[in-house]
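# Breakdown of the fold
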Amino acid sequence: MMENRTDIALKEYYRTNYGRMFLGNCLDLLNERIKEQSVDLIMTSPPFGLVRKKDYGNVDSHEYIEWFKPFATAFKRVLKINGSLVIDIGGAWIPGQPTRSLYHFKLLVMLCEEFGFHLAQEFYWWNPAKLPTPAEWVNVRRVRVKDAVNCVWWLSPSPWPRADNKRVLQPYSDSMKGLLKNGYKAKKRPSGHDISNKFLKDNGAAIPPNLIAVANTESNSFYLKYCKEKGIHPHPARFPSGIPEYFIRMLTDADDFVIDPFAGSCVMGEVAERLKRKWICCDIIEEYLRGAIGRFKKQPKQIQEDIFQQDGNGSNYYKIPHPGILWNGFNYPKLDSLGGRKRK
Ligand SMILES: C[S@@+](CC[C@H](N)C(=O)[O-])C[C@H]1O[C@@H](n2cnc3c(N)ncnc32)[C@H](O)[C@@H]1O
């Protein structure tokens, strides 16, 4: 899926109140149109790793890292010192064997060690609707579990990016509500942490963990209807708007400047427009931008309908069972000493 065509001349494709969409190679955009240290946030999901099996069964993560380097240089140049670079990136399986590529970890290490970015925090986007793949390892041989998280690397040119977690608070859990109501005896936890009474202050909402739960289940949005109506193939690898919205809210103010250089269907631009941030989106494939334009043709009612749909039709909670719930419940056969090497 990696595209690095240089033969396409950069051009402005569409314009809104707050943003602009460009067709072309984002390297041209970043290097020729964006001023040094002018961007508050780069929020993006780059093409995921090209997974190629080598003779000895390893993925060429080196190739991905090399491909990414010119983008890293450009990102570093355009970002403000206290700005942020947020990269949503999925992992990959090595073809033919049940092991994982290291490419996204290598990317992170390279950005920090070679390009001087600081890792502000690593996030994990859990997609509860993710299908169990690859079926061979997960469903057939049963030697791996469902891969349901993407890594989201939050980086910055300085250790002190602008940020405020009060923008992304979430409701207290039922157990925390109980503690707030019934009180808690201050004592040391088994971990050695001293839980003082300050812990019991009701701040109205909870500080979220670095695990973001958003199901990627868009099926009836205005964007999809628009694409269908115009005979456009919808972008095949969209993130749900909750992902860019989380970081745009936490890391920028209104009128700040946000860029998605690998914008695909411009989910980021749609969110930035709604939150009144200045934005630029760029993609190298025209059909994706043709579809993206539909995002800016919505009426307020349709905007509300899409937000409601993305919130899980009003049910905003996911429950994660404790892993032990079914333990000891079965009489298991012995483990396969071949580790699933042969199909049974
Ligand atoms: C994972 S997709 C992004 C999807 C997007 N987040 C969305 O929700 O629609 C990555 C995109 O990067 C684009 N791309 C790849 N190389 C590019 C380049 N050099 N310049 C601009 N876009 C590029 C691809 O065409 C693809 O649409």
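Each chain carries its own residue numbering, running from 1 in the written order of its sequence. Local features are withheld for residues below a pLDDT of 70 in this predicted model, meaning they are given only at 70 or higher, and side-chain atom pairs are given and counted only at 80 or more; totals for whole chains, interfaces and linings count all residues.

## Focus on the nonpolar core
We define the nonpolar core as any set of buried residues of the types Ala, Val, Leu, Ile, Met, Phe, Trp, Tyr and Cys, connected via C-beta atoms lying within 7 Å of each other. The burial criterion counts other C-beta atoms lying within 10 Å of a residue's C-beta, which is placed from the backbone; the residue is buried at 20 or more, exposed at 12 or fewer, and partly exposed between these limits. Counting residues in each nonpolar core, the largest one holds 57 residues, and the members touching the most others are Leu41, Ile42, Val86, Val258 and Met268. Note on conventions: DSSP H or I runs of at least 4 residues are helices, E runs of at least 2 residues are strands, and numbering of each starts at the N terminus. Residue contributions to this core peak at six residues, all from helix H7 (residues 242-251). C-beta atoms are first placed from the backbone for all residues, and any pair lying within 7 Å is then listed as a contact. Filtering out sequence-adjacent residues up to four positions away, isoleucine 42 remains in contact with Phe75, Leu79, Leu85, Val86, Ile259 and Pro261.

## Describing unusual backbone geometry
Following threonine 133, the chain continues to proline 134 via a peptide bond in cis, the omega torsion being -10 degrees. Despite not being glycine, glutamine 37 shows a phi value in the positive range, around 45 degrees. In this structure, cysteine 266 takes a positive phi of about 60 degrees despite not being glycine. Assignment of secondary structure puts cysteine 266 in the loop between strand E10 (257-260) and helix H8 (267-274). For cysteine 266, a count of 31 C-beta atoms within 10 Å puts it in the buried group.

## Notes on the pairing of strand E4 (residues 79-89)
Most of E4 sits out of view: eight of its 11 residues are buried. In this scheme, strands are said to pair when DSSP sees at least two bridges between them. Taken together, the five bridges between strand E3 (residues 39-44) and E4 define a ladder with parallel strand orientation. Directly across from leucine 41, in E4, lies its bridge partner serine 84. Bridge count between E4 and strand E6 (residues 149-156): five bridges; the pairing is antiparallel.

## Comments concerning the domain arrangement of the chain
Taken domain by domain, the chain consists of domain 1 (11-169 + 209-326) and domain 2 (171-206). A domain assignment, automatic or from a database, supplies the domain bounds used here. For domain 1 versus domain 2, the distance between C-alpha centres works out to 34 Å.

## A closer look at the sheet that holds E6
Strand order in the open sheet made by the nine strands is E1-E2-E11-E10-E3-E4-E6-E5-E9, with mixed pairing throughout. Every other strand in the sheet has two partners, leaving strand E1 (11-15) and strand E9 (211-213) as the edge strands with one partner each. Pairs of neighbouring strands in the sheet enclose a mean axial angle of 20 degrees, with direction left out of account. Inter-axis angles, ranging from 0 to 180 degrees, are taken between N-to-C directions of lines fitted to C-alpha atoms, where helices are fitted over the stretch in contact. In this fold helix H2 (residues 61-78) packs onto E3 and E4, with an angle of close to 145 degrees to the strand it touches most, E4.

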